[in-house]
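# Structural overview for review
What follows is each chain in one-letter form.
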Amino acid sequence: MFRTALRNVLAHKARLLMTVLAVMLGTAFVAGTLVFSDTVGNALRTQNSKSYTDIAVTVSDREAAGFGYDHGDRAVDSPTLTEETRAKVAALSGAAEVRGVVSGFAGIADRKGALIGNGFSTTGTNYVPGADGTDPRYPLVEGRGPKDATEIALDARTAAKGGYQVGDTVRVAVNGPVMQLKLTGTVHTNDPRVVAGGSLAAFDTATAQRLYLSPGRFAELDVKARPGTDDAALLTAVRQAVPQGDSIEARTGRELADEQDEMIRKGTTFLTTFLMAFAGIALFVGVFIIANTFTMLVAQRTKELALLRAVGATRRQITRSVLVEALLVGLTASVTGLLAGIGIAVGLKSLLNGPMDANLPDGPLIVAPGTVVAALAVGVLVTVLAAWLPARRASRIAPVAAMSSAEQPATQKGLLVRNTIGLLFSLAGLAALAAGVGGKEVKLVGVGAGALLIGVFVLTPLLSRPLIALIAPLLRTLYGAPGKLAEENAIRNPRRTAATASALTIGVTLITSLTVIGASVNEAVDKAAATDLKADYTVAMQNFSPLSPEIATQIAKAPGVGVVSAERSMSVRTGPNEDDSEWITAVDAATIDQLATVKVTEGSADALRQGRLLVSSGRAEQAGYKVGDTLAVTYPDGVKGSLTVGGILEANTALASIVAPEAVVGPHAKPGSGLEKVLVKGTNGATPELKQALRDASGGNPLIAVKGEKEIKAENRKMVTGILNMMYGLLGMSVVIAVLGVVNTMAMSVFERRREIGMLRAIGLDRLGIRRMVRLESLLIALFGGLVGVGLGVLVAWAGVRTLADSLKDITTVVPPVQIAGFLLAAAVIGLLAALWPAHRAAKLDVLDSIKSQ
């Protein structure tokens, strides 16, 4: 039977080609994902280990490290890392060297004033020269390091992007006005933030401390051990030497490296899981093609299988024969897919490092044994499992009945069981969707969507006749006999039509649901930007770090400014434990109602003017706050006080969860603490002149963004569109596989109906009519799949949108008609293109040879 299976694979290799391609693409997706994740993860871990080679112990001030500014909400008695602390640690017997580190954000402007790099990875730090005048952490590429407040060094990549040479004047800013500094040198760095597309600005230590913390203060101390010193013993000694407090933490360099490795592992695991989900979708689509192919092969070889049964082959042997064929197909496709996946991983890394400028670290290509096993196992298992039902059907063919029939029709009992199962799944899915919508449970909606999809797929043969009947009259009217024949062929075998259409339905369902959700979110955000915010412009840092209070003062003095309110966020302690705290946002009580919509559902709209709090309805429900409740608080400066809830706010995207009057809480902020943003309303509304005046008031800082309603809407739409485009791209593989399925079905149908096509030619249907008949049949199947997919996608999207009602105010389901029509048009085009080769092949069949075929 093995030889029989091998002979059948070789004999039908052309008909199995599309199946091989479908499995190969799915397997390549899996292999490419694993190889790419392993390669990038290994390179990042190698780079990370180099960063901690000379660090035995690190002491960090968690309230200062990495923020790029003094928060202003540090407790009064919190310990800090100072030059005195550094000297004390350096005096330990096991310490060879102690480096004081200051870090934060620093935006570098190019010659046109635009920010170089992305706002979240614009890194600023201190340059610490050794005895030879160089800093070993940042090796010089050219020039020298900065020595005073008028000088700066940049990483070589950022300098090249900005077109800067040593000696040029560089525009750089932290959270205030732009500084113009002399570029004294360029450096090399392995900092992952910079490697990932950010920038590095290095100041002398005194300047960095002034910009980010305070004179003489460090965010971190890195200790290098003397030869032969035990890191654990040195850690113990360091802990005794540094100030004691919750914000001060000492760890070994190995611990930090392991922690970073774990973060890298989690990141690559998330990436792998995310991509594998789409690979799974592609493979699931492939299941329909595989099952359909083997079903048609079994039907076409009915007499051959019957003859095997007649000469003594058992049902088990017939089943095994078909499964061995599937095994050979799966193995061939998996090996090819593995090789293609390795190529995809190499190409993807080159693409990211090339046109997309991701600057991923160099490293060897990692093809782990687990990747090879996973790729081969997935391809083989998917193929064999998909072919199991056709194999079972093949074994149940009675020899005598098979000798007189090309294909056995489904029994009434089989149809009843199938339709009952489909109905039960559909009802369960609808019930789960309804429950998920009612309880705002996203997971339940996901479960319901999955069950509904399965139910509809099972019921698709039942749905094919009525849905195709809706489209077919137009084809009959336009194309006459070919249109009528196409309709009859499409509904002749509902199971085959359903399996072919379902592959396309999956992609259309997912794409439609994503599109509808994206359109709904866009409209909700647009509404919020138009109704919640009255201000003409908002001024804030692009990386969400605090804005210098000096900027707010300058903005208020800018020409054309009418009303201003700065927003300042701070954490206040509300109980004895560290976790007992609330974030409150201070605003100008006298002007905020002119800059944002302040609508209360309970209490007084004048609560802020009365020195009270306004709490959002969501936060009030979560924490149990009611109008009149009093919160005993401890402010950042250590002063104790009380705040009273004066009103419950209606959901508003322009205001924070808890809003307080600046006059009450502002005096308790630490000196120099930053602002979240500044709301501005012009005397003449939003004008280009006002926008430029606000930019001028911010000192031309490339990190500071001035946005009006139009920019806010455009930014949100850009983000949603970017996510959708990424999703569309990842779903593209499943659509390609679905197209292969349509091509495969039509090609095998042409082979199966050779005699019928010959008879049609003999009675007068010309070659054009034959081509048109095949193309229209493919069109009907594709449109059927598209219609079902659009309907399911809109329903699933509606349920998903309803779960977002608490997160996005007034969100409603928006079905974009142009895009939905575009999806149906795309399905029609797919159907027509998929039929080009089968239609050409059908039209080229010899009439006499076709009539004589069995």
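Okay, so let's go over this structure. (Residues numbered from 1 in each chain as written. Predicted model: local features only at pLDDT ≥ 70, side-chain atom pairs only at ≥ 80, totals over all residues. Heavy atoms only, no water.)

### Description of the overall build of the protein chain
For the protein chain, the count of helices and strands is 27 helices and 24 strands. Oriented by its inertia axes, the alpha-carbon framework of the protein chain measures out at about 100 × 70 × 50 Å. When burial is assessed residue by residue, the protein chain has 49% of its 854 residues classed as buried. Surface exposure of the protein chain reaches about 38100 Å², of which carbon and sulfur atoms provide 60%. (Helix = DSSP H or I, 4+ residues; strand = E, 2+ residues; numbered from the N terminus. Buried < 20%, exposed > 50% of the residue type's maximum accessible area, 1.4 Å probe, protein only. Areas by Shrake-Rupley, 256 points an atom, 1.4 Å probe, with all protein chains shown as cover.)

### Considerations on a positive patch on the surface
Where like charges cluster on the molecular surface, the positive patch consists of Arg315, Arg392, Arg393 and Arg396. Tracing the backbone through its elements, the reader meets Arg392 in helix H11 (residues 369-395). Since its relative accessible area comes to 33%, Arg392 is described here as partly exposed. (Patch = residues over 30% accessible without salt bridge, like charges linked within 9 Å, V, L, I, M, F, W, Y side chains within 5 Å. Salt bridge = Lys/Arg side-chain N within 4 Å of Asp/Glu carboxyl O. Lys, Arg positive; Asp, Glu negative; His and termini not counted. Charge placed at Lys NZ, Arg CZ, Asp CG, Glu CD.)

### Observations regarding the sheet that holds strand S3 (residues 95-101)
With respect to topology, 4 strands assemble into an open sheet ordered S3-S13-S1-S14, the strand pairing being antiparallel. Pairing within the sheet leaves two strands with one partner each, and these edge strands are S3 and strand S14 (248-252). Each adjacent strand pair in this sheet contributes to an overall mean axis angle of 15 degrees, direction not counted. Strand direction decides the pairing type here: strand S1 (residues 57-61) and S14, joined by 5 bridges, are antiparallel. Bridge pairing in S14 places Asp61 opposite Ile248. Strands S3 and strand S13 (220-225) of the sheet are contacted by helix H3 (residues 83-90), whose axis makes an angle of about 165 degrees with S3. (Pairing = 2+ DSSP bridges. Axes fitted to C-alpha atoms, helices over the stretch in contact; angles between N-to-C directions. Contact = heavy atoms within 4.5 Å.)

### Things to note about the nonpolar core
One broad trend across soluble globular proteins is that nonpolar side chains are buried collectively. Counting 98 residues, the largest nonpolar core has Phe294, Leu504, Ile737, Ile757, Ile770, Val774 and Leu780 as its most contacted members. For this core, the element with the most residues is helix H24 (residues 767-803), which contributes 16 residues. Those residues in contact with Val774 that lie beyond four places of it in its chain are Met746, Val750, Ala835, Pro838, Ala839 and Ala842. In this structure, Val59, Leu81, Phe203 and Ala250 belong to the second largest nonpolar core, which totals 41 residues. (Core = buried A, V, L, I, M, F, W, Y, C linked by side-chain atoms within 4.5 Å.)

### Let's talk about the packing of helix H14 (residues 442-479) against helix H16 (residues 494-531)
At a closest axis distance of 9 Å, the pairing of H14 and H16 adopts a crossing angle of 120 degrees. Regarding the angle of H14 to H16, the classification is oblique. Crossing angle aside, the handedness with which H14 passes H16 is right-handed. Of the residues in H16, those touching H14 at Leu453, Phe457, Thr460, Pro461, Ser464, Arg465 and Ile468 are Pro494, Arg495, Thr497, Ala498, Ser502, Thr505, Ile506 and Thr509. (Parallel < 35°, antiparallel > 145°, perpendicular 65-115°, else oblique. Left-handed = near helix turned anticlockwise from the far one by under 90°.)

### Observations regarding unusual backbone geometry
With phi around 55 degrees, Lys440 is a residue other than glycine that occupies positive phi space. Mapping Lys440 onto the fold places it in the loop between helix H13 (412-439) and H14. Among the residues examined, Lys440 registers a relative accessible area of 31% and is labelled partly exposed.

### Notes on the packing of H16 against helix H22 (residues 709-752)
Two quantities define a packed helix pair, namely the angle between the helix axes and the distance between the axes. Running from N to C, H16 and H22 point in directions that differ by 170 degrees, and their axes come no closer than 8 Å. By the angle between their directions, the pair H16 and H22 is classed as roughly antiparallel. When grouped by side-chain class, the residues that make up the contact of H16 with H22 number 18 nonpolar, 10 polar and 6 charged. (Nonpolar A, V, L, I, M, F, W, Y, C, P; charged D, E, K, R; others polar.)

### Side note on empty space enclosed by the protein
Counted under the stated rule, the structure contains 2 cavities of 30 Å³ or more. Along its surface, the largest cavity is lined by Phe288, Ile289, Asn292, Ala499, Thr500, Ala503, Gly741, Val742, Asn744 and Thr745. Among the secondary structure elements, those contributing two or more residues to the lining of the largest cavity are helix H8 (253-300), H16 and H22. Residue contributions to the lining of the largest cavity peak at 4 residues, all from H22. Partitioning the lining of the largest cavity into residue classes produces 5 nonpolar, 5 polar and no charged. Put simply, the second largest cavity is a space of about 30 Å³. Lining the second largest cavity are Val572, Glu582, Ile584, Leu613, Leu631, Val633, Leu643 and Ile658. Breaking the lining of the second largest cavity down by element, the ones donating at least two residues are strand S17 (581-587) and strand S20 (630-634). Of the residues assigned to the lining of the second largest cavity, the class counts are 7 nonpolar, no polar and 1 charged. (1 Å grid on protein atoms, 1.4 Å probe; cavity = no way out; pocket = protein on both sides within 12 Å on 5 of 7 lines; lining within 4 Å. Points joined across faces, edges and corners; volume = space filled by probe spheres on them.)

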